[in-house]
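# Coordinates in review
Listed here are the chains, written in short residue letters.
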Amino acid sequence: QVQLVESGGGLVQAGGSLRLSCAASGTFSRYAMAWFRQAPGKEREFVAGISRSGTSTYYADSVKGRFTISRDNAKNTVALQINSLKPEDTAVYYCAIRTGWGTPSVSNEYDYWGQGTRVTVSS
């Protein structure tokens, strides 16, 4: 059983930065990881994904150039550096693990999810 715990969310002004972290239990390095987010009243959406080795990364168009996903397999953590925050980035951010092959941006292909960390961006 894999458990994921996100941290690092908070209230920040537009233009600011945050670093979200996700700590995983279990065999971490074997799995692809991703961050998704869900804004109030909206469906969960893909934000960024990273391959098992960390050599391949994927981003939603809305966050390219502002968000950076990374992982440390030795520490079983995946991070999301968020810069130039905008009010529309306000959401609960979730990390997720995909144990099989699949498309990084498809949420129902992920098997384990954290509880989420809330990011609120004020204008």
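Residues numbered from 1 in each chain as written. Predicted model: local features only at pLDDT ≥ 70, side-chain atom pairs only at ≥ 80, totals over all residues. Heavy atoms only, no water.

## Section: the side chain of Asp 89
Threshold: Secondary structure elements are taken from DSSP: a helix is a run of H or I of four residues or more, a strand is a run of E of two residues or more, and numbering for both begins at the N terminus. Whether a residue is buried, partly exposed or exposed follows from its accessible area with a 1.4 Å probe, protein chains only, as a fraction of its type maximum: under 20%, in between, or over 50%, in that order. Polar contact is the term for a pair of N or O atoms within 3.5 Å; when the atoms are in protein, one must be able to donate a hydrogen and the other to accept it, and sequence-neighboring residues count only if both atoms are side-chain atoms. It only takes one pair of heavy atoms within 4.5 Å for two residues to be counted as in contact.
Examined against the element boundaries, Asp 89 turns out to sit in the loop between β8 (77-82) and β9 (91-98). On the accessibility criterion, Asp 89 (0% relative accessible area) is buried. Here the side chain of Asp 89 touches Arg 37 through a polar contact of 2.9 Å, side chain to side chain. Polar side-chain contacts of Asp 89 include one of 2.7 Å to the side chain of Arg 66. With near-sequence residues (within four places) excluded, Asp 89 lies in contact with Arg 37, Arg 66, Phe 67, Ser 84, Val 119 and Val 121.

## With respect to the confidence of the model for the protein chain
Heads up, the condition is: Confidence of the predictor at the level of single residues is given by pLDDT, which spans 0 to 100.
Scored by pLDDT, the protein chain comes out at a mean of 94, with 100% of its residues at no less than 70. Per-element averaging of pLDDT across the protein chain places strand β10 (residues 112-113) at the bottom with 94 and strand β11 (residues 117-122) at the top with 98.

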